[in-house]
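# Architecture at a glance
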Amino acid sequence: MDVLKSSLTDNELIQSYKDGDTACFDVLLDRYKNKVYGYIISVVKDKDLADDIFQDTFFKVVYTINGGYYKDENKFIHWVMRIAHNLIVDYYRRVTKMPMVANRPDFDVVETLKQHTDNAERDIIRQQTDSNVRKLIKMLPPEQRRVVILRHFGKYDFKDIAQKTDVSINTALGRMRYAIINLRRLAEENKMHIEL
């Protein structure tokens, strides 16, 4: 490896690479490949998958730099790690299909969305999904939001929900039905990855 190039900062290497010195990218790659690959393999725990995500990560890095989209903020490795992380999340979103459930009173939105696993990659997806569901619930009309919160977070049955909200059981069931319809619509409009 060129000793002179290896003493350059990340930003200097990126600028030289942009100016046509492709060897500068090799220095950057060599500088961070172990850290990036180590993170990916620690999450996915599959060598072939880790290899693919690693290659995709640096393909995206090259594409972004060559396209002139990279912002020089002295945070190159953080940016690369965020790309790797996002590619991992995207992969698991594609392969993890949430089950569709019938629209019935005893169906539990939160239980449907939970992914019972202790794998780090599944935890990432679960946290994102939980966050998305909570954001969507806040967008519901107040009477629908209250029914969803009582049912799925308070674990109340519909008889208790009807009493607490001073409506009939049929009205409480209807509000839940409309809440589910609205959650689906809001998820689609906000491009959130959940299925109800």
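Just so you know, these numbers come straight off a predicted model, no measurement behind them. (Residues numbered from 1 in each chain as written. Predicted model: local features only at pLDDT ≥ 70, side-chain atom pairs only at ≥ 80, totals over all residues. Heavy atoms only, no water.)

## Here's the deal with the overall build of the protein chain
Broken down by element type, the protein chain carries ten helices and zero strands. The secondary structure elements of the protein chain, listed N-terminal to C-terminal, are α-α-α-α-α-α-α-α-α-α. Going through the 196 residues of the protein chain one by one, you find that 38% of them count as buried. Here the contacts in the protein chain between residues at least 6 apart in sequence split such that 57% fall between residues at least 24 apart. With the model as given, the accessible surface of the protein chain reaches about 11700 Å², and the carbon-plus-sulfur share is 50%. (Helix = DSSP H or I, 4+ residues; strand = E, 2+ residues; numbered from the N terminus. Buried < 20%, exposed > 50% of the residue type's maximum accessible area, 1.4 Å probe, protein only. Contact = heavy atoms within 4.5 Å. Areas by Shrake-Rupley, 256 points an atom, 1.4 Å probe, with all protein chains shown as cover.)

## Focus: the pattern of salt bridges
Scanning all chains against the criterion turns up five salt bridges. One salt bridge in this structure joins Lys33 and Asp30, with 3.2 Å as the shortest N-O distance. Pair noted here: Lys33 and Asp30 are both in helix 3 (residues 23–44), with a separation of three residues, about one helical turn. For Asp30, a relative accessible area of 36% corresponds to the partly exposed category. (Salt bridge = Lys/Arg side-chain N within 4 Å of Asp/Glu carboxyl O.)

## Some details on a negative patch on the surface
Taken together, the side chains of Asp46, Asp48, Asp52 and Asp56 present a region of like negative charge at the surface. Judged by relative accessible area, Asp46 falls into the partly exposed class, the value being 36%. (Patch = residues over 30% accessible without salt bridge, like charges linked within 9 Å, V, L, I, M, F, W, Y side chains within 5 Å. Lys, Arg positive; Asp, Glu negative; His and termini not counted. Charge placed at Lys NZ, Arg CZ, Asp CG, Glu CD.)

## Some details on the nonpolar core
Counting 30 residues, the largest nonpolar core has Val36, Ile40, Val44, Val61 and Phe76 as its most contacted members. For this core, the elements supplying multiple residues, two or more each, are helix 2 (10–18), helix 3, helix 4 (47–66) and helix 5 (76–95). With ten residues, helix 5 is the single largest residue contributor to this core. Setting aside its immediate chain neighbours within four residues, Val61 contacts Phe25, Phe76, Trp79, Val80 and Ile83. Counting 18 residues, the second-largest nonpolar core is a separate cluster that includes Leu136, Val148, Ile161 and Met192. (Core = buried A, V, L, I, M, F, W, Y, C linked by side-chain atoms within 4.5 Å.)

## Things to note about unusual backbone geometry
Phi is positive for Lys45, which is not a glycine, with a value near 55 degrees. Examined against the element boundaries, Lys45 turns out to sit in the loop between helix 3 and helix 4. On the accessibility criterion, Lys45 (62% relative accessible area) is exposed. Backbone geometry places Asp166, a non-glycine residue, at a positive phi of 60 degrees. Tracing the sequence through the fold places Asp166 in the loop between helix 9 (158–165) and helix 10 (169–189). Judged by its relative accessible area of 71%, Asp166 falls in the exposed class.

## What to know about the side chain of Asn182
Note that Asn182 resides in helix 10. If we ignore the near neighbours within four places in the chain, the residues touching Asn182 are Leu140, Pro141 and Gln144.

## A few points about the packing of helix 9 against helix 10
Running from amino to carboxyl end, helix 9 crosses helix 10 at an angle of 100 degrees, the nearest separation of the two axes being 8 Å. The orientation of helix 9 with respect to helix 10, classified from their angle, is roughly perpendicular. Here Phe158, Lys159, Ile161 and Ala162 of helix 9 come into contact with helix 10, specifically with Ile169, Ala172, Leu173 and Met176. Taken together, the residues that form the contact of helix 9 with helix 10 break down as seven nonpolar, no polar and one charged. (Axes fitted to C-alpha atoms, helices over the stretch in contact; angles between N-to-C directions. Parallel < 35°, antiparallel > 145°, perpendicular 65-115°, else oblique. Nonpolar A, V, L, I, M, F, W, Y, C, P; charged D, E, K, R; others polar.)

## Structural notes on helix 3
A rise of 1.5 Å per residue sets the reference length of helix 3, with its 22 residues, at 32 Å; its end C-alpha atoms lie 30 Å apart and thus fit the reference within 8%. Along helix 3, the positions that sit buried rather than exposed are Cys24, Phe25, Val27, Leu28, Tyr32, Val36, Ile40, Val43 and Val44. Looking at the residues trailing helix 3, positive phi occurs at Lys45, about 55 degrees. (Expected span 1.5 Å × (residues − 1).)

## Some points on the packing of helix 3 against helix 4
Axis separation between helix 3 and helix 4 bottoms out at 9 Å; the angle between their running directions is 140 degrees. Classified by the angle between their axes, helix 3 and helix 4 sit oblique to one another. For helix 3 against helix 4, the interelement crossing comes out right-handed. Counted together, Phe25, Leu29, Lys33, Val36, Tyr37, Ile40, Ile41 and Val44 of helix 3 and Lys47, Leu49, Ala50, Asp51, Ile53, Phe54, Thr57, Phe58, Val61 and Val62 of helix 4 form the full contact between these two elements. Looking at side-chain class alone, the contact of helix 3 with helix 4 contains 14 nonpolar, one polar and three charged residues. (Left-handed = near helix turned anticlockwise from the far one by under 90°.)

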